[in-house]
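Single-letter residue listing:
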Amino acid sequence: MKRTYIWLMLLTGTSVGCGLGLFLYLANLKAFATTSNQFLALWGEFNLFSSQIFVPLFLAIIIGINVQVEKSNRMLNRLRMMSIKPSAIFFGKLTYISLLQLIIQVIAIAIYLIVGNALDLKGSVDIVTLLTWGFLGWLGSLGIIAIQIAIALITNSLTENLLINFGLVIGGFIVALISSEMTFFYPFSQIMIGLHARNANHFTSLNTIIFGFVIVFGILIGWKIFTRAFNKRQ
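Conventions adopted
Residues numbered from 1 in each chain as written. Predicted model: local features only at pLDDT ≥ 70, side-chain atom pairs only at ≥ 80, totals over all residues. Heavy atoms only, no water. Helix = DSSP H or I, 4+ residues; strand = E, 2+ residues; numbered from the N terminus. Expected span 1.5 Å × (residues − 1). Buried < 20%, exposed > 50% of the residue type's maximum accessible area, 1.4 Å probe, protein only. Polar contact = N/O pair within 3.5 Å; in protein donor to acceptor, adjacent residues only side chain to side chain. Salt bridge = Lys/Arg side-chain N within 4 Å of Asp/Glu carboxyl O. Contact = heavy atoms within 4.5 Å. Phe/Tyr/Trp six-rings, centres within 6.5 Å; stacked < 30°, edge-to-face > 60°. Core = buried A, V, L, I, M, F, W, Y, C linked by side-chain atoms within 4.5 Å.

Brief notes about helix α6 (residues 127-154)
Phase 1 of the analysis: Here α6 contains 28 residues, and its C-alpha end-to-end distance of 41 Å stays within 8% of the 40 Å for a straight helix at 1.5 Å per residue.
Phase 2 of the analysis: Most of α6 sits out of view: 21 of its 28 residues are buried.
Phase 3 of the analysis: Between a side-chain oxygen at the N-terminus of α6 and the backbone nitrogen of Val-128 the separation is 3.1 Å; the capping residue is Asp-126.

Below, the structure is given as structure tokens:
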């Protein structure tokens, strides 16, 4: 994967989403003029589209490329012949992509701080809070990544993989329209929830339990689907 520059694609997806959020914030600057904490308002706009649309879709792209390359060069079959357990392959991929996402998340927070200070906005956000929210957003990506690894293995092409992921991403908007509380139970909304992009209130104990449960559920679902599909491949 060294020549695919997947980290750059992931950074592009995050930057495009944050850029769109910044554009919407500036376009509605008059509406935010009376907001007591404009710095915090920018955080929500900055991360909303990025966390709900662009980051999940670009994660799907780089994961799809990773798995499709290994399918095309029969690497998965070689790994099977080497008696490498599918669980080891799955968690290896999960760790690799997750570390990339963690780096990108740190960069996104740095960009936000630079933009916020450059605009000289009213109010502030505690750096510890930002790092906590950034970390929770990263944790929220783990279940999504796990599911996307499984989808990439069971689909026949990158296009099919992206279409399924696009449907899951759009599903997050539909769930949010039905009920904001239901988004806590939807795996593909967990990055947004962790980042507190829509709601700046700190987690309650119940929120924390649900958040952790959905992440673990996503990882387990992805792991089970991947291992079963891997064992069935010829």
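Read on, since the account is not over.
Observations regarding the pattern of salt bridges
Phase 1 of the analysis: Scanning all chains against the criterion turns up one salt bridge.
Phase 2 of the analysis: For the salt bridge of Lys-93 with Glu-70, the shortest nitrogen-to-oxygen distance reads 2.8 Å. With Lys-93 in helix α5 (residues 86-118) and Glu-70 in helix α3 (residues 38-72), this residue pair connects regions lying 23 residues apart in the sequence. With respect to burial, Lys-93 and Glu-70 carry one shared label: buried.

Topic: the environment of Gly-172
Phase 1 of the analysis: Take Gly-172: it is sitting in helix α7 (residues 158-178).
Phase 2 of the analysis: With a relative accessible area of 2%, Gly-172 lands in the buried category.
Phase 3 of the analysis: When the C-alpha atoms of Gly-172 and Thr-183 are compared, they prove to be 7.0 Å apart, with 11 residues separating the residues in sequence.
Phase 4 of the analysis: In contact with Gly-172, not counting residues within four places along its chain, are Gln-52, Tyr-186 and Ser-189.

So, the packing of aromatic side chains
Phase 1 of the analysis: Scanning all chains against the criterion turns up 13 aromatic pairs.
Phase 2 of the analysis: On the numbers, 4.9 Å between centres and 80° between planes, the contact of Trp-43 with Tyr-112 is edge-to-face. Of the two residues, Trp-43 is situated in helix α3 and Tyr-112 in helix α5; the sequence distance between them amounts to 69 residues. Exposure class is identical for Trp-43 and Tyr-112. Each is buried.

Regarding the nonpolar core
Phase 1 of the analysis: Core analysis: the biggest nonpolar cluster contains 67 residues, and Leu-42, Ile-63, Tyr-112 and Phe-226 have the highest contact counts within it.
Phase 2 of the analysis: When residues of this core are traced back to their parent elements, those giving at least two are α1 (6-27), α3, α4 (75-81), α5, α6, α7, α8 (190-195) and α9 (205-232).
Phase 3 of the analysis: Per element, the largest residue contribution to this core is 15 residues, and it comes from α3.

Some thoughts on the environment of Phe-184
Phase 1 of the analysis: Looking at where Phe-184 falls in the secondary structure, it is placed in the loop between α7 and α8.
Phase 2 of the analysis: As for Phe-184 and Phe-54, which are separated by 130 residues in sequence, their C-alpha atoms are 19 Å apart.
Phase 3 of the analysis: Among all residues touching Phe-184, those that are not within four sequence positions of it are Gln-190, Ile-193, Phe-203, Asn-207, Ile-210 and Val-214.

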